[in-house]
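# Results of the structural survey
Below, each chain spelled out in residue letters.
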Amino acid sequence: MFLIIFLTSAYYIYLHIIYTRMYIPELLAPVGSKESLIAAIDNGANAVYFGGTLFGARQYASNFKREELEWAIDYSHVRGIKTYVTVNTLIKDSELEEAADYLQFICNAGADAVIVQDIGILKLLREQLPELPVHASTQMTIHNVQGVKFLQEMGVKRVVLARENSLEEIRIIKSETGIEVETFIHGALCFSYSGQCLLSSMIGGRSGNRGYCAQPCRKKYRMIGIEGYLLSPKDLNMSELIPSLIEAGIDSFKIEGRMKRPEYVAGVVRIYRMLIDRYFASPDEFWVAKEEKHILRQLFNREFTTGYFFGDPGSDLMSRRYPHNRGTELGKIIDYDPRSKTIVIQLKAPLRTGDGIGIGCRESGMIVNNIFADSKRVNTASSGTIVKIPMEYEVAKGDIVFKTYDSQLMASLEAKNLKKIPIKMSFIGKAGKRVELRIIDGDNDITIRGGNVSPAEKRPLSESSITEQLKKLGNTVFEARKIDLEIDDNIFIPVSELNSLRRDAITKLEQTRIEKWKHHCNKPDISDGQISNEPVHPVLSVNTGSIESFESAVDGNADIVYFGEGKSGVTLENDDYSHAIEYGRKNGVKVFINLPRIMKNFNDLPASEYFSKDDAPDGFLAADPGVLFKLHKLGKTIVVDYPLNVFNRLAMAHLLEFGQRVTLSPELTLTQMNFLASFGQTECIVHGFFPLMVSEHDLIGGLFSDRREHDFSLKDEKGFLFPVRNDSQNRTYIMNSRELCMLDHIPELLKSGVSCLRIEARMYDATATGKITRAYRDAIDSGRSRINCNGEYTTGHYFRGVL
């Protein structure tokens, strides 16, 4: 009966797709272990993504060793599931050979695609491993049409858009580019744009761009009297808005959670599978059941949000009180006995031994081992019951108790390897001829032949006994839906031969399903391409955000001054740009306009009229792939800025096709910069404050009604202060807590071969800008600094690097 209902439902889904010309979006599941892989496939994922032990953005997940990775790819392909392998971190130049070997392995293993962040690795893949499709990671911060076109020209098949894109923006990107679009629909959110966060890196050397994020956004902070988890977003949950996602034309629905339990993967995938199928069965009657909502909450939540899909959610985005899993509300503490160390709870939901609970805002929870009701020890207690539970730490009356782990639910979601593929068997047994078994799975057709069939001396072989042996597929992925027999009367075939025939046929079918994805790929060649090891005399650039600071930088004898939006509250007009260009030209200083690193609407691009004016600037500083692409098409002079995350010579080589100079990542050491400088014109930041986080969320506006009276800073639990600023779109920029200063290391910088040393002065007033510019001008010209770094400062990663 269930099969009939399922087939009827599938038929109507098919008719709806044909009628509306819609495609069912791919449901893409996270996998961090073998058990999670089985859970994802059993519960209806169309594709899975996972990483190996190298170059993945979740280095704290279990991940797969090489042999396990190939097993996971084969296991998925046998079951008709696509596999995407994550190589979504920045790759150091010293790691390129190892990365090339790893990519060759992934290609040969037959992965359906590789997910990439590093532009150099992307270039390498498309030029030397064309067999392996590339998906651009959300770590590439792609959020506009021009950025997608930049990647399309490089040969990218799919782009994972920034989580900050709205549905309308996604529709536009899809319609104007036609690229495959993947978006996250459920799971954890980052406060910062992915790929633009240096906070974990600068605090403790654990780089999010290298897969080692320490999750500083889940820590406690204080800002002018307000304390809490001020950078902690809620979790994304788009379950009730599946129709909107489908109608926007999104190709792949991605679930976050490679570090989650297999049961979490099973439950979330199962519900989204049902919701997607429910929509296509009856689009006008889509609904989400109360129990489905409950399961999603119970599995994991920091409260839920729909993120930026429908515009800026403001404070509704944030979970400032609870940075960890809340599960579902279990009840409130009505009493606490410090002598017996027990709490009394009036339950709002059932509780069982083995369940996990959390209390209030505490970061840690506990597993319930003992429950007492009416002075009796019980294993379960129903809603409404007053129970006592032993509790080691002190709590307060009125604290909310959350059920963070439901043991019964988790048991129901354990991986069981249930997914079966229907096959058709055709068996031929003719006296005096070789026995033959043919299996068809829809895509593949294989035939196995055995020995000759003998006449029966005693009991002939019956159709039912042959059928019984052939359908014994045990723990294989296949299920015989139909078995056709063509046999003579009065024949004999040993049962052992039937079993052997069946096993050989199934093995051959499995290998056929696997082998068609395998490749014979060559290892990519990492060409040298070195230009020179000769030291150069670097020029001095200063990045400014106000007319006053701009003039001070020019007057301080900078060679190049970047000019664009900087300090909070400073809005630049077209006349400001005209004045800056004229002032720089009059003083023999090159003027480059600094364009925003996040640019969703190119109609609002600052100073866009200077793209074609006669009195144009000397060039542009581009921090966004889309802006870079647009300016390059217009034939403009460009300096590539550091948010494009250049870590190796391959990324540098590609970006030098767009710009005259590339700003190296501030996560590199001086030694690494010295090496890269021999491959072309480079720039590095040597002084100032620069953003460690860039967020679409207006942190200040979400906490304070009046932003004019203060210079806002976040204070962490160690007492460090991180200045917070907004741009004209009220995006949040969290700056480093310490001023970068390399004045004490001028001789090393001059020997490094870096072409341009930059001062980041957008946080400075005119006086400070002038003073610092003159200090570096003198130091570069004389070969040493007459002024030392003062106060609390940092040398960043120049001498320590990142993991």
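Below: a short report on this structure. (Residues numbered from 1 in each chain as written. Predicted model: local features only at pLDDT ≥ 70, side-chain atom pairs only at ≥ 80, totals over all residues. Heavy atoms only, no water.)

## Topic: the pattern of salt bridges
Oppositely charged side chains can pair when the atoms bearing their charge come close. All chains considered together, the criterion is met by 50 salt bridges. Between Glu127 and Lys123 there is a salt bridge, with its nearest N and O atoms 3.0 Å apart. Of the two residues, Glu127 and Lys123 are both situated in helix 5 (residues 119-128); the distance of four residues between them amounts to about one turn of the helix. Residues Lys424 and Asp484 are paired through a salt bridge, measuring 3.7 Å at the closest nitrogen-oxygen approach. One end of the pair, Lys424, is in strand 23 (residues 421-429); the other, Asp484, is in strand 27 (residues 478-487), with 60 residues separating them in the sequence. By relative accessible area, Lys424 is classed as partly exposed at 32%. Through salt bridges with shared partners, a single network forms among Asp641, Arg661, Glu683, Arg758, Glu760 and Arg762. (Salt bridge = Lys/Arg side-chain N within 4 Å of Asp/Glu carboxyl O. Helix = DSSP H or I, 4+ residues; strand = E, 2+ residues; numbered from the N terminus. Buried < 20%, exposed > 50% of the residue type's maximum accessible area, 1.4 Å probe, protein only.)

## Some points on the state of the cysteines
Under the defined criterion, the tally for this structure stands at two disulfides. Note on cysteine connectivity: Cys107 is disulfide-linked to Cys521, with sulfurs 2.0 Å apart. Around the S-S axis, the bridge from Cys107 to Cys521 shows a dihedral of about -60 degrees and counts as left-handed. Here Cys107 is found in helix 4 (residues 96-109), whereas its partner Cys521 is found in the loop between helix 14 (495-515) and strand 29 (539-544), with 414 residues between them in sequence. Cys521 carries the same exposure label as Cys107, and that label is buried. The disulfide partner of Cys741 is Cys789, and the S-S distance across this bridge is 2.0 Å. Across the S-S bond of Cys741 and Cys789 the torsion is about -85 degrees, and the bridge reads as left-handed. Linking Cys741 in strand 40 (residues 739-741) with Cys789 in the loop between helix 22 (766-782) and strand 42 (793-794), this pair joins segments that are 48 residues apart in sequence. Across this residue pair, the class does not change: Cys741 and Cys789 are buried. Each bonded cysteine in the protein gets a number by its place in the sequence, and the pairs come out as 1-2, 3-4. This cysteine, Cys217, is not joined by any disulfide, and Cys213 carries the nearest cysteine sulfur, 6.0 Å off. (Disulfide = S-S within 2.5 Å.)

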